[in-house]
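Chain by chain, the residues run as shown.
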Amino acid sequence: MTLLDRHGFRPDPFRRLPAAEIAGHPAVIVPLADVQAGLLVRALGQRIGIDIANTLPAEDATAFANQVDLIAIAFPGFADGRGFTLARRLRRAGFRGILRAVGPLIPDQFAYAMACGFDEVELPDAVATRQGEAAWLADLAIYSTSYQRDYARGQNILEARREARTGGAT
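Residues numbered from 1 in each chain as written. Predicted model: local features only at pLDDT ≥ 70, side-chain atom pairs only at ≥ 80, totals over all residues. Heavy atoms only, no water.

### As for the overall build of the chain
Scanning the chain from N- to C-terminus turns up 7 helices and 8 strands. The buried share among the 170 residues of the chain stands at 44%. In the chain, the share of contacts with a sequence separation of at least 24, taken over all contacts with a separation of at least 6, comes to 52%. Accessible surface computed for the chain: about 9100 Å², of which carbon and sulfur atoms make up 55%. (Helix = DSSP H or I, 4+ residues; strand = E, 2+ residues; numbered from the N terminus. Buried < 20%, exposed > 50% of the residue type's maximum accessible area, 1.4 Å probe, protein only. Contact = heavy atoms within 4.5 Å. Areas by Shrake-Rupley, 256 points an atom, 1.4 Å probe, with all protein chains shown as cover.)

### Description of the nonpolar core
Val68, Ile71, Ile73 and Phe118 are the most contacted members of the largest nonpolar core, which has 39 residues in total. In contact with valine 68, not counting residues within four places along its chain, are Val35, Leu39, Ile48, Ile50 and Phe95. Judged by nonpolar contacts, the second largest core, of 7 residues, contains Phe14, Leu70, Ile98 and Val102. (Core = buried A, V, L, I, M, F, W, Y, C linked by side-chain atoms within 4.5 Å.)

### Some thoughts on the side chain of arginine 100
With respect to the helices and strands, arginine 100 occurs in strand β7 (residues 98-102). A polar side-chain atom of arginine 100 sits 2.8 Å from a polar atom in the side chain of glutamate 122. Excluding anything up to four places from it in sequence, arginine 100 contacts Leu3, Asp12, Phe14, Arg16, Ile29, Leu70, Ile71, Ala72, Ile73, Phe118, Glu120 and Glu122. (Polar contact = N/O pair within 3.5 Å; in protein donor to acceptor, adjacent residues only side chain to side chain.)

### Concerning the environment of alanine 58
Mapped onto the fold, alanine 58 is located in helix α2 (residues 58-62). The class of alanine 58 is buried, set by a relative accessible area of 8%. Separated by 28 residues in the primary sequence, alanine 58 and leucine 86 have C-alpha atoms spaced 6.0 Å apart. Here alanine 58 is in contact with Leu86 and Arg89, once residues within four sequence places are set aside.

### Thoughts on the sheet that holds strand β4 (residues 27-31)
One open sheet holds the 8 strands; their spatial order is β2-β1-β8-β7-β6-β5-β4-β3, and the pairing between them is mixed. The sheet terminates laterally at β2 (8-10) and β3 (15-16), the two strands that pair on one side only. Packing of helix α6 (residues 133-142) onto the sheet brings it into contact with β1 (2-5), β2 and β8 (120-123), and relative to β2 it is tilted by some 130°. (Pairing = 2+ DSSP bridges. Axes fitted to C-alpha atoms, helices over the stretch in contact; angles between N-to-C directions.)

Here's what the structure looks like:
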């Protein structure tokens, strides 16, 4: 798998392991079923993440949000957008750790993923090869604003239009 953030492809510091094998690894991702055991044997300074399905209710995902460093949300296919909603709910619930989208997203979804609260995307190698780093970064740069209030960096489109119409007066 290939890891991508706002700056491009980068090495993944996390390893996926069952809780019984996390000793000696500085950053691990465990299955959700192993999170309790992983947290019990967590070493000082060790970073722990969890893999979750995009169908997991947000309330269940937030149960461990204060105890883990990363939440990796699975995207079974690029047409399944439930992970975007789950990411927004986790951010609104106060999760401050790393949010990772995992699966075959496409470059068109990159800006939206970042706007929903994701920090990074873990792509299958075949997708990363077919749509290289330049395609992902170009698509991210295309969108400077959005219609939704909480998704834009700065003003949303409607606020910008209103300001242009009124000359900045409210």
